[in-house]
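Listed below are the residues making up each chain.
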Amino acid sequence: MYLSGMLDIQGNCHARNLQRRQIRVTVKYNRKELQRRMEVEKWIDCGLEELYKGREEDMPEEVNIDELLDLRTDEERTQRLQDLFHSCNKESKVFVCELLLKLHGLQKHEDLHNDGIDLPQLHIYSTRPGSADREVLH
């Protein structure tokens, strides 16, 4: 009887652990590269705020890092950035040069993932077997 009681307790613990893991967020990124990319994005945001101070409505909606990384040469990147900043009254040459340096060695967003995980995934499982409220969000 003692052995069967222990098995029942272990079974209950296992069931509670399964319930706790019903909602899980899985993120697998190269943490160092992700941090570096986030720092570059923050630097870009601060630089744009400075360049377009008082003229925020003229600021480009975004500087797409992946789009810049897809270009083959710094000359192409420079041209793309100059096109983006055409409405800027302030001199953007220093900003563009510094951004080009920061892009060297930076990875595209899709290359930051480890183990083939595309994006953070949220898994929601119903507690009722066979229930229609089972969801898996990707």
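Each value, and the rule that gives it
- Residues numbered from 1 in each chain as written.
- Predicted model: local features only at pLDDT ≥ 70, side-chain atom pairs only at ≥ 80, totals over all residues.
- Heavy atoms only, no water.
- Core = buried A, V, L, I, M, F, W, Y, C linked by side-chain atoms within 4.5 Å.
- Buried < 20%, exposed > 50% of the residue type's maximum accessible area, 1.4 Å probe, protein only.
- Helix = DSSP H or I, 4+ residues; strand = E, 2+ residues; numbered from the N terminus.
- Contact = heavy atoms within 4.5 Å.
- pLDDT = per-residue confidence, 0-100.
- Arc of directions from axis to C-beta.
- Salt bridge = Lys/Arg side-chain N within 4 Å of Asp/Glu carboxyl O.

A.B. asks: Describe the nonpolar core, with residues and values.
C.D. replies: Counting residues in hydrophobic clusters, the biggest one holds 19 residues, and the most contacted among them are Ile 44, Val 63, Leu 81, Phe 85, Leu 99 and Leu 103. Of all the elements in the fold, those that place two or more residues in this core are α2 (31-51), α3 (65-70), α4 (74-84) and α5 (93-103). The biggest single contributor to this core is α5, with five residues. Every residue in contact with Leu 103, bar those within four places of it in the chain, is listed here: Ile 65, Leu 68, Leu 69 and Arg 77.

A.B. asks: Provide a residue-level description of the confidence of the model for the protein, including the pertinent values.
C.D. replies: Averaged over the protein, the pLDDT score is 75; the fraction of residues at 70 or greater is 59%. The model gives residues 1-8 a pLDDT under 50, and that stretch makes zero contacts with residues more than four places away or in other chains. Confidence drops under pLDDT 50 across residues 133-138; counting only partners more than four residues distant or on other chains, this segment forms 17 contacts.

A.B. asks: Can you tell me about α5, naming the residues and giving the values?
C.D. replies: Those residues of α5 lying buried are Phe 95, Val 96, Leu 99, Leu 100 and Leu 103. Down the axis of α5, the buried set is contained in an arc of 135°. They therefore lie on one face. Of the exposed residues in α5, the ones pointing more than 90 degrees away from its buried face are Lys 93, Val 94 and Leu 101. Looking at the buried residues of α5, the elements they touch are α2, α3 and α4.

A.B. asks: Explain the pattern of salt bridges to me, using residue names and the numbers behind them.
C.D. replies: Proximity of charged atoms lets side chains of opposite charge pair with each other. Counted according to the given criterion, the structure contains seven salt bridges. A salt bridge links Arg 37 to Asp 66; the nearest nitrogen and oxygen atoms lie 3.1 Å apart. Linking Arg 37 in helix α2 with Asp 66 in helix α3, this pair joins segments that are 29 residues apart in sequence. Taking relative accessible area as the criterion, Arg 37 reaches 6% and is therefore assigned buried. Salt-bridge contacts for Asp 74 lead to Arg 77; the nearest nitrogen and oxygen are separated by 2.9 Å. Here Asp 74 and its partner Arg 77 are both found in helix α4, three residues apart, which amounts to about one turn of the helix.

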